[in-house]
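Per-entry structural report
So the chains spell out like this:
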Amino acid sequence: MMMEERTMKKHILSLAILLAAGGYAFGQTVYLSEIKVTNREVTKTADRQANVSMELNLDELDMKRQHSLRLTPVILSADGSQEAELPPVVINGKVRDRVQQRVETLDHVRLNPDAIAVVRRKNGSEQTVEYTASIPFKRWMIGGNIQLRGQVIGCALCNEGGETATTGDIFPPMNPTYYKPFIAPKEEVVKRRSETRAAHIQFRQDSHRIDPNYLNNRSELDSVHHSIEVVKDNDDLTITGIYVTGYASPEGKFDYNMNLSERRAKAFTEYVKKDMENIDPAIYHVAWKGEDWEGLRREVEKRPQLLKQNEVLDIIDNCGGDKDACEEQLKALVPPEIYQRLLNEMYPPVRRNEYRVEYNVRHFTIEEGRKMIQSRPDLMSVSEIQQVADSYGKGTPEYTECLLAGVKGHPTDVTALNNAALALIEANRAAEAAEMLERAPQDGTLQNMLGAAYSSMGETAKAEAAFRRAAEAGYTQASDNLNQLLRYNEYMAE
């Protein structure tokens, strides 16, 4: 340490003696206004360096002989909170340059080891300094600027003061504009709707007669009556068809169960006809499916605690055409409690009649739609919902909430989902849009919108995956969105 201090004092003393003949120091001097910055270029290199190149034109610079100007380019963030210095350029007056060279020669040192260039200014002559330097790129540099900071050293290393000049902005912010269009809904000329329910009517053994007083039948039949009555008594709706399908459980012979499901489906239909006498009998349609092995599989999957569940599912999946043989395999499972659980818990739910009520819905005015959208958006067309939303004005909270209500009424409709997600993104609610689209059908249009939602959230990896899925599904514009995203990711990468 003592050696370094003696060396520094020696340098100062040498400079003081050599500059003594150069005159006294002047007040703070302004030099940056006399330096022209031309051909400035700031680029990001392949190895993610911020490369700065420019020409410093000194033609108009009138440098005092004993002065040294240390010129440091500085990259400054847009908000001024972060900065990074680049290597400086040192410009010496005539006496200063001679002094520095002599000190470096005599003492075998470099006085400006960090400088990218040290030049002597020849006043009155044309002179240009070529500057090129790189530092690691940082994301905060985007939208920032480059300043030149000048520090003047006068006689005996006394500080003559500093000044700053801005050379302009760098790395303009990149804001990808993704293709995420609004889809104009198509009007439904006839608004067809349907509701499907299951009726679990209990029958006595080998019987197909419906007894309202047997077990829980009264409650089940009342539910059927009510569900049809609600549609029938709604003046906005016109019933166009009631479809009944009978199913049986696997116990017993396959052919017998097919006939049994037929008899029970027909009995159920006739009972409903009598109970709903003011409905045209011609709109009833009856079908039967016999043993419902697919329904049985769903019931088994619901019970992970069932012993040998995988073995039961394997028997069902590999049943083939001989259903009676499959039933025997289930009976033969050990322990016998497995089959008893099937018989007592999983067979009853598949013995049922499913009924579907189809109906047409009249069209609504905008005023009617404003009321209807809160209670039964499913009875409105997607086009009617859009018209109600538009009546509040795009971008209003009511606009967005109408489209979200439309999704509740049409949870798988691509147009409804797309437009509701777009409204959420534009309302800075991209996280809600993403959550909604994650549950939506795997459609190319919706995957593209999901990519846009993820991008708005800054989830670039998820956005990339969604755009890729959309492109693979045949949504051609998603490829352009993906390319934009990849360019953005590279632009932002440190």
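Higher on the page you've got the structure.
Residues numbered from 1 in each chain as written. Predicted model: local features only at pLDDT ≥ 70, side-chain atom pairs only at ≥ 80, totals over all residues. Heavy atoms only, no water.

A few words now on the sheet that holds strand β7 (residues 128–136). Spatially, 3 strands are ordered β1-β2-β7 in an open sheet, and the strand pairing comes out antiparallel. The two strands at the open ends of the sheet, each matched to only one other strand, are β1 (36–44) and β7. The average undirected angle you get between the axes of adjacent strands in this sheet is 10 degrees. One ladder, built from 9 bridges, connects strand β2 (residues 49–57) with β7; its direction is antiparallel. Following the sheet pairing, N57 is matched in β7 by T128. (Pairing = 2+ DSSP bridges. Helix = DSSP H or I, 4+ residues; strand = E, 2+ residues; numbered from the N terminus. Axes fitted to C-alpha atoms, helices over the stretch in contact; angles between N-to-C directions.)

According to the stated counting rule, one finds 33 salt bridges in the structure shown. Between E188 and R193 there is a salt bridge, with its nearest N and O atoms 3.0 Å apart. For R376, the salt bridge identified is with E195, shortest N-O distance 3.6 Å. With R376 in the loop between α9 (366–375) and α10 (382–392) and E195 in strand β10 (residues 191–199), this residue pair connects regions lying 181 residues apart in the sequence. Overlapping salt bridges, with partners in common, bring together E299, K302, R303, R341 and E345 in one network. (Salt bridge = Lys/Arg side-chain N within 4 Å of Asp/Glu carboxyl O.)

Right, let's get into the state of the cysteines. What the rule picks out here adds up to 1 disulfide. Disulfide pairing places C319 opposite C326 at an S-S distance of 1.9 Å. On the S-S bond that ties C319 to C326, the torsion sits near 130 degrees, and the link is right-handed. Per residue, the accessibility class of C319 equals that of C326, and both read buried. (Disulfide = S-S within 2.5 Å. Buried < 20%, exposed > 50% of the residue type's maximum accessible area, 1.4 Å probe, protein only.)

Spatially, β10-β13-β11-β12 is the arrangement adopted by the 4 strands of the open sheet, whose pairing is mixed. Looking at strand neighbours, the two that pair on one side only are β10 and β12 (284–291), the edges of this open sheet. Each neighbouring strand pair of the sheet contributes to a mean axis angle of 20 degrees, computed without reference to strand direction. Alignment of strand β11 (residues 237–248) against β12, held across 7 bridges, turns out to be parallel. Among the inter-strand pairings, A248 is bridged to a residue of β12, identified as E291. Each of β10, β11 and β13 (352–361) touches helix α3 (residues 217–232); the most contacted strand, β13, lies at about 10 degrees to it. (Contact = heavy atoms within 4.5 Å.)

Bringing helix α13 (residues 430–438) into the picture now. Those residues of α13 not exposed but buried are A430, A433, A434, M436 and L437. For α13, the arc enclosing every buried residue in end-on projection is 165 degrees, short of the 170-degree limit, so these residues lie on one face. Residues of α13 that are buried sit in contact with α11 (397–409), α12 (414–426) and α14 (444–456). (Arc of directions from axis to C-beta.)

Contact pair α9 / α10: the axes reach a minimum separation of 9 Å and the direction vectors enclose 100 degrees. The angle between α9 and α10 places the two elements in the roughly perpendicular class. For the pair α9 and α10, contact is made by I366, G369, R370 and I373 and by I385, Q387, V388, S391 and Y392, respectively. The residue inventory of the contact of α9 with α10, partitioned by class, reads 5 nonpolar, 3 polar and 1 charged. (Parallel < 35°, antiparallel > 145°, perpendicular 65-115°, else oblique. Nonpolar A, V, L, I, M, F, W, Y, C, P; charged D, E, K, R; others polar.)

We now examine the packing of aromatic side chains. This model, assessed by the stated rule, comprises 5 aromatic pairs. Considering the side-chain rings of F137 and F171, the 5.3 Å spacing of their centres and the 85 degrees angle between planes classify their relative orientation as edge-to-face. On the criterion of sequence distance, the pair formed by F137 in the loop between β7 and β8 (145–153) and F171 in the loop between β9 (159–169) and β10 is long-range, its members being 34 residues apart. Both residues of the pair, F137 and F171, belong to the buried class. Considering the side-chain rings of Y339 and Y347, the 6.0 Å spacing of their centres and the 85 degrees angle between planes classify their relative orientation as edge-to-face. Residue Y339 is classed as buried on the basis of its relative accessible area of 9%. Above the face of the Y247 ring, R352 is positioned so that its terminal group lies 4.0 Å from the ring centre. Across from the ring centre of Y243, 4.4 Å away, lies the NZ or CZ of R356, which sits over that ring. (Phe/Tyr/Trp six-rings, centres within 6.5 Å; stacked < 30°, edge-to-face > 60°. Lys NZ or Arg CZ within 6 Å of the ring centre and 35° of its normal.)

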